[in-house]
Amino acid sequence: MKKIFTKIFLVVMILTVVGVVIVPQESFAAGWLEGPAMSVVNSAISIVANWFLGLTSWLVTISGIFLSISVNLTTHTGDFFNSIPALKDVWLVVRNISSMII
């Protein structure tokens, strides 16, 4: 058991050292789009991204509502079936008619 912890510790240490040595460094090179132009581009991208994220969150919310409704209907089908006595009679008629046809 002690050898396993030693091996895990050595692997973690090796990965840590390799990660620190191989991590790329920033170059601080100037891009072709600096100053006010970059601000305009960033603003445009942020507006589009915020709109897209808002639309996505709205769709996920609607999907969650439909999922909640479907789970609720699925788990309470027996209560619904037992609460309406005419539903059982209709089911018997439909079942018997379909048995005659098949």
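Residues numbered from 1 in each chain as written. Predicted model: local features only at pLDDT ≥ 70, side-chain atom pairs only at ≥ 80, totals over all residues. Heavy atoms only, no water.

1. A few points about the overall build of the protein chain
Piece 1. Across its full length, the protein chain holds 4 helices and 0 strands.
Piece 2. The secondary structure elements of the protein chain, listed N-terminal to C-terminal, are α-α-α-α.
Piece 3. Of the accessible surface of the protein chain, which amounts to about 9,500 Å², a share of 76% is contributed by carbon and sulfur atoms. (Helix = DSSP H or I, 4+ residues; strand = E, 2+ residues; numbered from the N terminus. Areas by Shrake-Rupley, 256 points an atom, 1.4 Å probe, with all protein chains shown as cover.)

2. Remarks on a nonpolar patch on the surface
Piece 1. A cluster of nonpolar residues, Trp51, Phe52, Leu53, Leu55, Trp58, Leu59, Ile62, Ile65, Phe66, Ile69 and Leu73, forms a patch on the protein surface that exposes about 1,200 Å² of accessible area.
Piece 2. Within the element layout of this structure, Phe66 appears in helix α2 (residues 36–75). (Patch = residues over 30% accessible without salt bridge, like charges linked within 9 Å, V, L, I, M, F, W, Y side chains within 5 Å. Salt bridge = Lys/Arg side-chain N within 4 Å of Asp/Glu carboxyl O.)

3. Points about the confidence of the model for the protein chain
Piece 1. Scored by pLDDT, the protein chain has a mean of 84; 86% of the residues are at 70 or more.
Piece 2. When pLDDT is averaged over each element of the protein chain, α2 comes out on top at 90 and helix α3 (residues 77–83) at the bottom at 81. (pLDDT = per-residue confidence, 0-100.)

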